[in-house]
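Residues per chain are reported as follows:
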Amino acid sequence: MRVAVIQMSPGAEKEQNIAQARGLVEALVAGQKVDLVVLPEMWTCLGGTRAQKFAAGEVLPSPGESGGPAYEFLRGLAMSFNIHVHGGSIGEVRGEKLYNTTLVFNPAGEEIARYSKIHLFDITTPDGQGYRESAIYGAGEEVVTCMIGETRVGLAICYDIRFPELFLALRRAGAEVILLPAAFTLQTGKDHWEVLIRARAIETQCWFAACGTYGAHTEGNGEVRQTYGHSLICDPWGHVVAKASDGQGWAVADIDHRLTARVRANMPVLEHRKLA
């Protein structure tokens, strides 16, 4: 399975972000065959006011129904290019709250998975910037995996990476690959992004496809914030096998199931686990 992580520089304008995503995916598939594309976290609206975030959000449809612009865009990508599409995450409107929600589509345009971010980003970064995701977003509760082709894939989002118990649950659910869209801050990303992904990959003996946003966006109060980018794909031994450069672009790698099997057979850490 060939996986591509699409690194974007989104802002608060949904239509512009959809156009950016379309251009990047079209450029990627024009040059090479891929089986799965992964978009970053909240790529439809990063920054902006509370009103802009809700306006960019979508009520997700029931099976067989049509969805909003981002939903149908993702479905269309899957069908147009005959690929699986992991839609990063978008704002899902549920009453008075948004949910930070991942959608996965198969090449027929059928939704095969939906995951809402469990761990909300309520922190202060080293430069003093405060984030309070829970002021707008509700927290998901379900651990979610799905089949992409013959591969069991686990779903997580951004701040989830700091909670290894989620990734242990995904491994126990059969995951061989974990997909992690993110909008990691520059402050935390430069110190923690790669080391956390590699640690989770080593602990779970899973491949990781971690897709981040890059560059500046503006919050509703005028504050300019930076996200780290450095989207990467990591193997079950903790080696980074592909990484995006600064700016918009992508990284591509082939998932080698033989390597996964060999790592797990030679070091059966799941069988040896005692305390969790």
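Since this is a predicted model, take the numbers as computed values, not measurements. (Residues numbered from 1 in each chain as written. Predicted model: local features only at pLDDT ≥ 70, side-chain atom pairs only at ≥ 80, totals over all residues. Heavy atoms only, no water.)

Draft legend 1. Examining the packing of helix α1 (residues 14-31) against helix α3 (residues 69-81) more closely. The interhelical angle for the contact between α1 and α3, taken along N-to-C directions, is 10°, at an axis separation of 11 Å. One element, α1, and the other, α3, form an angle in the roughly parallel class. Residue-level inspection shows K14, I18, A21, R22, V25, E26 and V29 of α1 in contact with α3, the latter providing P69, A70, F73, L77 and F81. In terms of residue class, the contact of α1 with α3 is built from nine nonpolar, no polar and three charged. (Axes fitted to C-alpha atoms, helices over the stretch in contact; angles between N-to-C directions. Helix = DSSP H or I, 4+ residues; strand = E, 2+ residues; numbered from the N terminus. Parallel < 35°, antiparallel > 145°, perpendicular 65-115°, else oblique. Contact = heavy atoms within 4.5 Å. Nonpolar A, V, L, I, M, F, W, Y, C, P; charged D, E, K, R; others polar.)

Draft legend 2. Here's a closer look at the sheet that holds strand β13 (residues 207-212). Spatial ordering of the open sheet is given by β10-β11-β12-β13-β16-β17, a layout of six strands whose pairing is mixed. The open sheet has two edge strands, β10 (145-148) and β17 (240-243), and neither has a second partner. Adjacent strand axes in the sheet meet at a mean angle of 20° when their direction is disregarded. Sheet topology places β13 next to strand β16 (residues 232-234); three bridges connect them, and they run antiparallel. If you follow A210 over to β16, its bridge partner there is L232. (Pairing = 2+ DSSP bridges.)

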